[in-house]
Amino acid sequence: MRLALRDYNQAILNALFRPPSPGYWAAVLFCFTVIGWGAFCWGYQICEGMGVIGINHPIGWGTYIANFVFWIGLGHAGTLISAILFLFRVRWRNAIFRSAEAMTVFAVMTAGLFPLLHLGRVWIFFFILPYPNQRHVWPNFKSPLVWDVMAVSTYLTISILFWYAGMLPDLAAARDNSTGLRHKVYRFLAAGWTGAHEQWRHYLRAYMGLAAITTPLVISVHSVVSFDFSMALLPGWHTTIFAPYFVAGAIHSGLALVVILLILIRYFLDLKLVIRREHLEQAALLMILTGSIMGYSYGCEAFINWYSADTFERQFAAWRSLTGWPVAYWLMIWSNVVAPLLFFYRPFRTRTLPLLILSGFVVFGMWLERYVIVITATAHDFMPENWSRYIPRWPEISIGLASIAWFSFYFLLYSKFLPVASIAENKEPQVEQQLQVVTAE
Amino acid sequence: MRPERRVVGIYAEVLNFAEALRRLQERGLKHITTYTPIGLEGLERFFPTKGSPIRWFMLAAAVTGGVIAFIMCIGSAEYYGLTVGGKLPATVIPYCVVGFEMLILFAGITGFFMIFAMGKLRSAAPSPGYDPQFNEDKYGLFVDCPPDRVSDVTEILKATGAEEVHDRATG
């Protein structure tokens, strides 16, 4: 069924203004409680020291860094859907890009917590920022860790601006249909938007510009994150394939999470006519592509390990996949490469349950990949006497779970306080189709 | 001379709206404001000002950001002057990452604020005459004209299928 222009306002604003159910508040409360437990664990870690978590020599990077890379990755699909597909004029993005962008913002906010947790002495985190002080500007700009800070903070800033800019016309629609305090908030956020030609004229150019600069940014961010590893000389980390491999993996996991969130949104907010099955299907098809890139990357990595004839690379690859971490490694391959191939079979990409299950596998598989990459290289370096193992302890497991609650908490708030799908852009195809007759003259 | 009257036409069909714009342009009426639920780039040819200089501001900001980043990185390296392995303190390649990120950051922030500055957006109520229907499915055409042309404009708006036509004095 095709919606009329006015119906888009009605459907999306109804989802926004409908009073939340008790289940919604229960979910918010649950997330808040889990976040509280995570905060307690962090406090415990600060009071007792970093010894309370599982990292120890030689494994200096544990689940915190794996989670950081994982959450940053999840944030990539939002920008892919909103910016890259916008530049290619892919129409199916219109229904889903808003929530994908929100996911990006919240995922990057979540990711940003982990380097702070990993720092230990979090109160001096600002030492890494390039602010002028009595020591001049003193971060080491040749360090991948400083690049990381620059890349992630830029990505978060631009993602928030892009998200908000895209929302302006819809916030005006919310302003026009609300009363009381909500009206005041939306009036402030809509900044007097009326849809006048003079506003659209500048808005469209700026939006295009933001999409154009966000596209290379999204490629750069996970490349920079991969440099944290590939700049080191360890077997398993020191490889040039890491940048494209990380970017593809990031988009892969992000798409899977977008599908999961969209299924929940369309069900709980009753947006089945706006976010349709074909939108989910397109995302699933895209996952076949990203999953195939992941398969190529895994194969390429294994081939280079063998072809390099480097003793350390060969023994490391064999240890990781055959004796040391075979379950995690092959589960990762299955989840990231084989499971998405099931989307070739149409019912798997058009029915909700298989979509949810397979997307869940991809998200889990990508977390596993980050975990395997981060832990195994330091656990099995050049010197056998140095080899060790890592078992995460309860504070870091709790904080890892709390990060899911932290992300969900923000997404729950977003789903009831901001338009979850673009009202204006969903109308575009219909209007432009009619206008083609005039503009072609 | 400043137009004294404003004729408002509200349309339900975008084709009628575009046709009215075309006819008004043919009659030499220049003080036209439109309100549309979506951005219609195809209609720009009916307006005297086309495009937007925002991309040039973004380009300038991008160059500024990149230059500042390199100055910051090279300046910092030269200030400390630590020579490692006989290499110069400042090395350009690693600074490209910082330069790229600041280039994007400056361009993005500039583009964002330019939407507000050039679109004259501020946290206030919408301009007088704005109708919430323009954010749903209606297209608004506000034509400012001298009193002797009101009947001409009204006729065009009605002839092109405007659902509502109003005539009022300009503020």
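Before reading on, note that the structure itself is shown above.
Residues numbered from 1 in each chain as written. Chains lettered and ligands numbered in written order. Predicted model: local features only at pLDDT ≥ 70, side-chain atom pairs only at ≥ 80, totals over all residues. Heavy atoms only, no water.

Undergrad: So what's going on with the pattern of salt bridges? Which residues, and what values?
TA: Under the definition given, this model contains 21 salt bridges over all chains. One salt bridge connects A:Arg6 with B:Asp137, and the closest N-O pair in it is separated by 3.3 Å. A residue pair is termed interchain when its members come from two chains, as with A:Arg6 in helix H1 (residues 5–17) and B:Asp137 in the loop between helix H3 (92–118) and strand S3 (139–145). A relative accessible area of 35% places A:Arg6 in the partly exposed class. (Salt bridge = Lys/Arg side-chain N within 4 Å of Asp/Glu carboxyl O. Helix = DSSP H or I, 4+ residues; strand = E, 2+ residues; numbered from the N terminus. Buried < 20%, exposed > 50% of the residue type's maximum accessible area, 1.4 Å probe, protein only.)

Undergrad: Run through helix H8 (residues 197–230) of chain A, naming residues and quoting values.
TA: Taking 1.5 Å per residue as the helical rise, H8(A) with its 34 residues ought to reach 50 Å, and the 49 Å between its terminal C-alpha atoms agrees with that figure. Burial analysis of H8(A) places 28 of its 34 residues in the buried class, the great majority of the element. (Expected span 1.5 Å × (residues − 1).)

Undergrad: Could you give an account of helix H2 (residues 22–48) of chain A, with specific residues and numbers?
TA: All names here are of chain A. Over its 27 residues, H2 runs 39 Å from end to end, which matches the ideal 39 Å to within 8%, given 1.5 Å per residue. Where H2 is concerned, the buried positions are Tyr 24, Val 28, Cys 31, Val 34, Ile 35, Gly 38, Cys 41 and Gln 45. Lining the buried residues of H2 we find helix H3 (63–74), helix H5 (97–119) and helix H15 (394–417). Among the residues trailing H2, Gly 49 stands out with phi positive, at a value near 100 degrees. (Contact = heavy atoms within 4.5 Å.)

Undergrad: Provide a residue-level description of the interface of chain A and chain B, including the pertinent values.
TA: Contacts between the two partners involve 62 residues from chain A, matched on the other side by 69 residues from chain B. Here chain A packs against chain B, burying approximately 5,700 Å² in sum over the two surfaces, 67% of which is carbon and sulfur. On inspection of chain A and its partner chain B, the count reaches two salt bridges. Of the charged contacts, one joins A:Arg6 and B:Glu136 as a salt bridge, the two residues approaching to 3.0 Å between their closest N and O atoms. Across the chain A-chain B interface, the total number found is 15 residue pairs in polar contact (both at pLDDT 80 or more). Those elements that provide at least two residues to the side of chain A that touches chain B are H1, helix H6 (144–176), helix H7 (180–190), H8 and helix H16 (423–439) of chain A. Per element, the largest residue contribution to the side of chain A that touches chain B is 17 residues, and it comes from H8(A). A breakdown of the residues in the side of chain A that touches chain B according to their chemical character gives 35 nonpolar, 15 polar and twelve charged. (Buried area = accessible area lost by both parts, 1.4 Å probe. Polar contact = N/O pair within 3.5 Å; in protein donor to acceptor, adjacent residues only side chain to side chain. Nonpolar A, V, L, I, M, F, W, Y, C, P; charged D, E, K, R; others polar.)

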